[in-house]
Amino acid sequence: MDINPHTHFLHLRNFTYFSFFSELHHSDHVATTIVETLAITAVFLVSVAANAGAAALVTWERRLLANKTILTLNLFVADLLFVSMIPLIVAVRWTVSWMLGFTACHTVLYVICMSGCVTITTLASISVERLQAILRLQTVPTLNPRMVTATLCFIWAFSALTSIPLSLFFTVMEVDFPEQERVYICTLKWPDTTGEIVWNVAFTALCFLLPGLIIVVSYSKILQIAKSCRRRLRRRVSQPPVGESLEYHVSRQDMKLFRTLLVLMLSFLIMWSPIFIITFLILARNFLGDLCVSSTMFFWVVTFTLANSALNPILYSVCQLKDGWRRLCCGSVVAPLRKGARGSGRAHEIQPS
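These numbers come from a predicted model, not from an experiment.

Draft legend 1. Here's a closer look at the packing of aromatic side chains. Inspection of every chain in the model, using the stated rule, returns 17 aromatic pairs. Ring centres of Phe-18 and Phe-20 lie 5.0 Å apart, and the angle between their planes is 75°; this geometry places the pair in the edge-to-face category. Among the residues examined, Phe-18 registers a relative accessible area of 0% and is labelled buried. Summarising the aromatic geometry, the rings of Phe-82 and Trp-272 are spaced 5.3 Å apart at their centres and angled 25° between planes, so their arrangement reads as stacked. In this pair, Phe-82 sits in helix 3 (residues 67-83) while Trp-272 sits in helix 8 (residues 252-285), placing the two residues 190 residues apart along the sequence. Like Phe-82, the residue Trp-272 is buried in the burial classification.

Below, the structure is given as structure tokens:
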């Protein structure tokens with residue numbers, strides 16, 4: 001019998017038996033795991049602090065909770081749920097063998113994928129909500145409890161249902177290796193390969209491509225309305241309007257939010273693309289025996305994706321919550337100079353928070 005470790009490893013991981021977070025062939029386990037732990041722990045700490053702080057500021061600064069505010073808070077909740085799986089990942093990197101039980105095995109990748117689906121679907125919902133608000137001439141619509149509740153329920157139910165195969169088919173398997181004792185891995189064991197292919201394609205289309213398309217279409221329409229507003233404004237300057245007509249208005253606040261969410265969408269697409277790519281590589285490995293996809297590679301791809309949860313609140317804060325963070329950190333904010341005070345020589349007033 002051929003006992004070459006790599007040949008044996010591929011034999012044990014036939015079909016979808018990929019070890020995911022259990023690295024079974026560490027050349028320098030301790031040093032590598034220390035680096036991995038430091039990296040993913042930094043992502044965890046920054047993400048928790050940034051999301052909690054941004055959620056608190058968004059809540060405090062909005063006396064009237066608008067639709068977009070509730071949906072923005074949903075983004076932060078999804079990010080916090082996303083990074084909540086990091087302690088389990090760190091534990092597996094140290095123990096190598098899966099010692100966390102069946103429940104954790106059914107949960108880790110399910111929560112990660114569900115949270116990502118919630119994030120991109122929420123971004124799509126915000127883009128649609130902003131477009132509807134502009135078309136209805138409402139720059140700051142007040143909260144519609146039924147509409148927001150229905151939207152949030154749909155987002156979470158849709159994300160939970162589309163990700164459920166990851167909970168059903170992840171299981172703990174026992175494997176033997178010539179070089180080491182019997183170990184356990186948490187792996188994805190599909191009933192058949194066809195089902196795995198269908199789910200991978202459907203999940204990518206429904207939870208990645210479709211929301212992205214909705215965002216592109218909504219923001220393209222908003223940009224068209226904004227350009228139309230500028231053209232009408234230039235015509236009004238040159239000649240006064242003859243009659244009244246229905247006109248859409250894109251406020252500065254809408255455009256500022258548009259730019260913010262566009263940045264969030266781009267960062268999501270960039271940082272989530274690798275995990276979809278490696279998922280298809282793992283699937284292709286079942287048919288191409290020479291294709292090498294290691295657990296270490298999968299770990300760093302997931303860490304890069306998890307970093308998006310830290311980046312989202314930071315980008316949102318930089319674009320939307322500068323004054324709030326300044327008040328929180330410094331206890332004061334510089335008030336903007338009024339038009340009537342120009343040329344008076346008076347300094348900007350400092351207002352306490």
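Picking up where we left off.
Draft legend 2. Examining the state of the cysteines more closely. Here the structure, examined in full by the defined rule, presents 1 disulfide. Two residues share a disulfide in this structure: Cys-105 and Cys-186, whose sulfurs sit 2.0 Å from each other. Across the disulfide from Cys-105 to Cys-186, rotation about the S-S bond amounts to roughly 95°, and the bridge is consequently right-handed. Note that Cys-105 is positioned in helix 5 (residues 101-135) and Cys-186 in strand 2 (residues 180-188), a separation of 81 residues in sequence.

Draft legend 3. Looking closely at the environment of Ser-309. Residue position: Ser-309 is located in helix 9 (residues 295-320). Excluding residues that lie within four positions of it along the chain, Ser-309 makes contacts with Ser-47, Asn-51, Asp-79, Phe-82 and Val-83.

Draft legend 4. Up close: the packing of helix 4 (residues 86-95) against helix 9. Axis separation between helix 4 and helix 9 bottoms out at 13 Å; the angle between their running directions is 160°. One finds that helix 4 runs roughly antiparallel with respect to helix 9. When you trace helix 4 past helix 9, the crossing you get is left-handed. Contacts between helix 4 and helix 9 involve Ile-86, Ile-89 and Arg-93 from the former and Ser-295, Thr-296, Phe-299, Val-302 and Leu-306 from the latter. Residue classes in the contact of helix 4 with helix 9 are distributed as 5 nonpolar, 2 polar and 1 charged.

Draft legend 5. Representation of the nonpolar core. If you look at the biggest cluster of nonpolar residues, it comprises 77 residues, and the most contacted ones within it are Phe-21, Ile-89, Phe-298 and Leu-306. The element that contributes the greatest number of residues to this core is helix 5, accounting for 17 residues. In this view, Phe-298 contacts Phe-18, Phe-20, Phe-21, Leu-109, Ile-278 and Ile-282; residues no more than four positions away in its chain are not counted. Counting 7 residues, the second largest nonpolar core, distinct from the first, contains Tyr-17, Val-96, Val-175 and Ile-185.

Draft legend 6. Local environment of the environment of Val-43. By the secondary structure assignment, Val-43 is in helix 2 (residues 29-61). Classification of Val-43 by relative accessible area gives buried; the value is 13%. For the pair Val-43 and Leu-311, spaced 268 residues apart in the sequence, the C-alpha separation amounts to 9.4 Å. What Val-43 contacts, discounting residues up to four positions off in sequence, is Ile-86, Thr-303, Leu-306, Ala-307 and Ala-310.

Draft legend 7. A look at helix 6 (residues 145-169). With 25 residues, helix 6 should reach 36 Å at 1.5 Å per residue; the first-to-last C-alpha distance of 37 Å fits that figure. The axis of helix 6 is deflected most strongly, by about 45°, at Ser-163, and proline Pro-165 appears within four residues downstream.

Draft legend 8. Region of interest: the packing of helix 5 against helix 6. One can describe the packing of helix 5 onto helix 6 by two numbers: an axis separation of 8 Å at closest approach and a directional angle of 150°. Judged by the twist between their axes, the crossing of helix 5 over helix 6 is right-handed. Where helix 5 approaches helix 6, its residues His-106, Leu-109, Tyr-110, Cys-113, Met-114, Cys-117, Val-118, Thr-121, Thr-122 and Ser-125 are matched on the opposing element by Thr-151, Ile-155, Trp-156, Phe-158, Ser-159, Ala-160, Thr-162, Ser-163, Ile-164, Leu-166, Ser-167 and Leu-168.

Draft legend 9. Quick peek at the confidence of the model for the protein. For the protein, per-residue confidence averages 78 on the pLDDT scale, and residues scoring 70 or more make up 71% of the total. Note that pLDDT drops below 50 for residues 332-353; the model gives that stretch 23 contacts with residues more than four away or on any other chain.

Draft legend 10. Here's a closer look at unusual backbone geometry. Here the phi dihedral of Phe-20 falls at roughly 55°; this positive angle occurs in a residue that is not glycine. Residue Phe-20 is classed as buried on the basis of its relative accessible area, which comes to 7%. Its identity as a non-glycine residue notwithstanding, Val-96 has a phi of 65°, on the positive side. Looking at the element boundaries, Val-96 is found in the loop between helix 4 and helix 5.

What counts as what
- Residues numbered from 1 in each chain as written.
- Predicted model: local features only at pLDDT ≥ 70, side-chain atom pairs only at ≥ 80, totals over all residues.
- Heavy atoms only, no water.
- Phe/Tyr/Trp six-rings, centres within 6.5 Å; stacked < 30°, edge-to-face > 60°.
- Buried < 20%, exposed > 50% of the residue type's maximum accessible area, 1.4 Å probe, protein only.
- Helix = DSSP H or I, 4+ residues; strand = E, 2+ residues; numbered from the N terminus.
- Disulfide = S-S within 2.5 Å.
- Contact = heavy atoms within 4.5 Å.
- Axes fitted to C-alpha atoms, helices over the stretch in contact; angles between N-to-C directions.
- Parallel < 35°, antiparallel > 145°, perpendicular 65-115°, else oblique.
- Left-handed = near helix turned anticlockwise from the far one by under 90°.
- Nonpolar A, V, L, I, M, F, W, Y, C, P; charged D, E, K, R; others polar.
- Core = buried A, V, L, I, M, F, W, Y, C linked by side-chain atoms within 4.5 Å.
- Expected span 1.5 Å × (residues − 1).
- Bend = angle between axes of the 7 residues up to and from the residue.
- pLDDT = per-residue confidence, 0-100.

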